[in-house]
Structures are given as C-alpha cells and as structure tokens.
Amino acid sequence: MVWKRTIMAKALEKAGHASIKVENSVVFVANVDGKLIGMDAVCSHARCILGELDKNALTVKCPCHHAVFDLNTGKMLEPPYVAPDAPKEKLGLKLIPVRENNGWIEVDVE
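Quick summary incoming for the structure in this document. Here the structure is a predicted model, which means the values were calculated and not measured. (Residues numbered from 1 in each chain as written. Predicted model: local features only at pLDDT ≥ 70, side-chain atom pairs only at ≥ 80, totals over all residues. Heavy atoms only, no water.)

### Quick word on the overall build of the protein
Thought 1: From N to C terminus, the protein includes 1 helix and 10 strands.
Thought 2: When its helices and strands are written in sequence order, the protein yields β-α-β-β-β-β-β-β-β-β-β.
Thought 3: For the protein, whose C-alpha radius of gyration is 13 Å, the value lies close to the compact-globule estimate of 13 Å for 110 residues.
Thought 4: Each principal axis of the C-alpha distribution contributes one length, and for the protein these read about 45 × 30 × 20 Å.
Thought 5: Here the protein holds 110 residues, and the buried ones make up 38% of them.
Thought 6: Residue pairs at least 24 apart in sequence account for 40% of intrachain contacts in the protein once pairs closer than 6 positions are excluded.
Thought 7: Here the protein contributes 14 positively and 14 negatively charged side chains, and the mean placements of these two sets differ by 3 Å. (Helix = DSSP H or I, 4+ residues; strand = E, 2+ residues; numbered from the N terminus. Rg over C-alpha atoms; globule rule 2.2 N^0.38 Å. Buried < 20%, exposed > 50% of the residue type's maximum accessible area, 1.4 Å probe, protein only. Contact = heavy atoms within 4.5 Å. Lys, Arg positive; Asp, Glu negative; His and termini not counted. Charge placed at Lys NZ, Arg CZ, Asp CG, Glu CD.)

### Notes on the layout of surface pockets
Thought 1: Roughly 180 Å³ of internal volume is contained in the largest pocket.
Thought 2: Ser25, Lys94, Ile96, Asp108 and Val109 are, among the 13 residues lining the largest pocket, the residues nearest its centre.
Thought 3: When residues of the lining of the largest pocket are traced back to their parent elements, those giving at least two are β3 (25–32) and β10 (104–108).
Thought 4: Residue composition of the lining of the largest pocket, grouped by class: 6 nonpolar, 2 polar and 5 charged. (1 Å grid on protein atoms, 1.4 Å probe; cavity = no way out; pocket = protein on both sides within 12 Å on 5 of 7 lines; lining within 4 Å. Points joined across faces, edges and corners; volume = space filled by probe spheres on them. Nonpolar A, V, L, I, M, F, W, Y, C, P; charged D, E, K, R; others polar.)

### Describing the pairing of strand β4 (residues 35–40)
Thought 1: Relative to β4, β3 is paired through 6 bridges, and the arrangement is antiparallel. Directly across from asparagine 31, in β4, lies its bridge partner leucine 36. (Pairing = 2+ DSSP bridges.)

### Some words on the pattern of salt bridges
Thought 1: Applying the stated criterion across every chain yields a total of 1 salt bridge.
Thought 2: Its salt-bridge partner being glutamate 106, residue arginine 99 comes within 2.7 Å of it at the nearest N-O pair. (Salt bridge = Lys/Arg side-chain N within 4 Å of Asp/Glu carboxyl O.)

### Brief notes about unusual backbone geometry
Leave glycine aside and you will find that most residues have negative phi; peptide bonds, for their part, are mostly trans.
Thought 1: Unusually for a residue other than glycine, aspartate 33 sits at a positive phi of about 55°.
Thought 2: Mapped onto the fold, aspartate 33 is located in the loop between β3 and β4.
Thought 3: With a relative accessible area of 75%, aspartate 33 lands in the exposed category.
Thought 4: With a phi angle near 55°, asparagine 102 is a residue other than glycine that sits in the positive phi range.
Thought 5: Within the fold, asparagine 102 resides in the loop between β9 (98–101) and β10.

This is the structure in structure tokens:
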C-alpha cells in the first residue's frame, strides 16, 4: 500500500464526507460514525462527482442523474433516472482503502 495524505481528519469529521482529488483520481471519503469509507468518486454513468451521502442507508448518490451506490461494496443499487435499464451489475465503483494517521486522512494510491 502507498498512502497519500489528503485532508485533516477534523475537517472530514465536521463535513461528514468529501470528494478529494488524489493524484490522477478523485476519491469519495466518508466518516460514518467514526468508520472511514473510501470509493471512487466519479460516477460510472456520466462521470459526475459523487456527493450526496446517506449515513443511514450507507449509500452515496450522484447529483447529476441520481444513481445510488453502496458504500460497503461499491455496487450500483439504483441506476440513473435517465437510464433506468442501465446494467447496474457492470456500473459499480471501486472501493479504496482510507485511514486516519496523525490527524490526517490518508488514501491508498497503489
């Protein structure tokens, strides 16, 4: 694993989630009741940046066409409303390891 320092843990705790540019990608990082979760932040449908976290359902919704992704698996749970027949099983997102280290959120860039 190759860890890259991104934002301060306090900032993430306050905001709850953030989409962070890390090298050549964007990572969605959420702090859900102290548990850090990371996944690719670019929607597999139209390449929009994810951003609507539902802490209770552990999902994130794309603001462009409302595709919904499971934070535990990266699977698409609901297709975009403009493409209701989209192949959900092929449009999931990659989970990315994240951790807190000395007050910073770090993302595995390997």
